[in-house]
Amino acid sequence: MDDLATYLLDLVQNSIAAKAQTIRLTMKEETVLMITLEDDGVGIEEAIIPKVTSPFYTTRKTRKVGLGLPMIKMLTEQTQGDFHLESVINQGTILRFSMDHNHVDMPPIGHLGEMVYMISIHQDVQEFVFTYQTTLGTFSYVLSEIKTLFQETLSTHDVMKGIIDYIQQQIQHIRGES
């Protein structure tokens, strides 16, 4: 994976596979980049939690390796960050991790607007809340509000491009890049 947005998309797909109705992804830039992914999916059994960070463990039937969580754990370790996973059966999962965004091994952030949009149009996603915070401000995207606003036009090209551009502009603004 080339950028953080791609890693995050892969992690959110785990939440979708876990039948989450609500998925929350929060990115907070401080002295480190702190990321929290919360869902209300089926959860992970406590005995399995230590195994899910091994690339040789997966619950999928289509392949014998699982790379999302192991790759993120490795990336947090490489960037002097922290990794914490907690889950309760039938209540959901919370993944918290941090990375030193100035570390030489930190991948580029990538195109978060495209990532958010791809999650938004997934047929199994009911509610998705994306929040990006810096010392300059906070940007929040709430899928249910976007669905109400755009209804059936959400997947049209013009609306798609507008949403992606808007998300990118807002993130750049609160990162002090515009």
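Residues numbered from 1 in each chain as written. Predicted model: local features only at pLDDT ≥ 70, side-chain atom pairs only at ≥ 80, totals over all residues. Heavy atoms only, no water.

Chemist: Please clarify how the nonpolar core should be interpreted in this entry.
Modeler: Across soluble globular proteins, you tend to see nonpolar side chains buried next to one another. Core analysis: the biggest nonpolar cluster contains 47 residues, and Leu-4, Leu-8, Met-27, Leu-112, Phe-128, Phe-130 and Tyr-141 have the highest contact counts within it. Among the elements that line this core, the one with the most residues is helix H1 (residues 4–17), at 7 residues. Non-local contacts of Met-27, meaning those with residues more than four positions away in its chain, are made with Leu-4, Leu-8, Leu-33, Met-34, Ile-35, Ile-109, Leu-112, Phe-130, Thr-131, Tyr-132 and Gln-133. (Core = buried A, V, L, I, M, F, W, Y, C linked by side-chain atoms within 4.5 Å. Buried < 20%, exposed > 50% of the residue type's maximum accessible area, 1.4 Å probe, protein only. Helix = DSSP H or I, 4+ residues; strand = E, 2+ residues; numbered from the N terminus. Contact = heavy atoms within 4.5 Å.)

Chemist: In this structure, what is going on with helix H2 (residues 68–78)? I would like to understand it.
Modeler: An α-helical turn contains 3.6 residues, so any two residues separated by three or four positions project in the same direction. When we look at burial in H2, the residues that qualify are Gly-68, Leu-69, Pro-70, Ile-72, Leu-75 and Thr-76. Along its buried surface, H2 packs onto H1, strand S3 (83–88) and strand S4 (92–99).

Chemist: Hey, could you run me through the pattern of salt bridges in this one?
Modeler: Opposite charge on two side chains lets them pair, provided their charged atoms get close. Counted under the stated rule, the structure contains 5 salt bridges. For Glu-86, the salt bridge is made with Arg-96, and the minimal N-O distance between the two is 3.4 Å. Separated by 10 residues along the polypeptide, Glu-86 in strand S3 and Arg-96 in strand S4 bring together distant segments of the chain. When its relative accessible area of 37% is taken as the criterion, Arg-96 is described as partly exposed. Linking Glu-177 and Arg-175 is a salt bridge whose minimum nitrogen-to-oxygen distance equals 2.9 Å. (Salt bridge = Lys/Arg side-chain N within 4 Å of Asp/Glu carboxyl O.)

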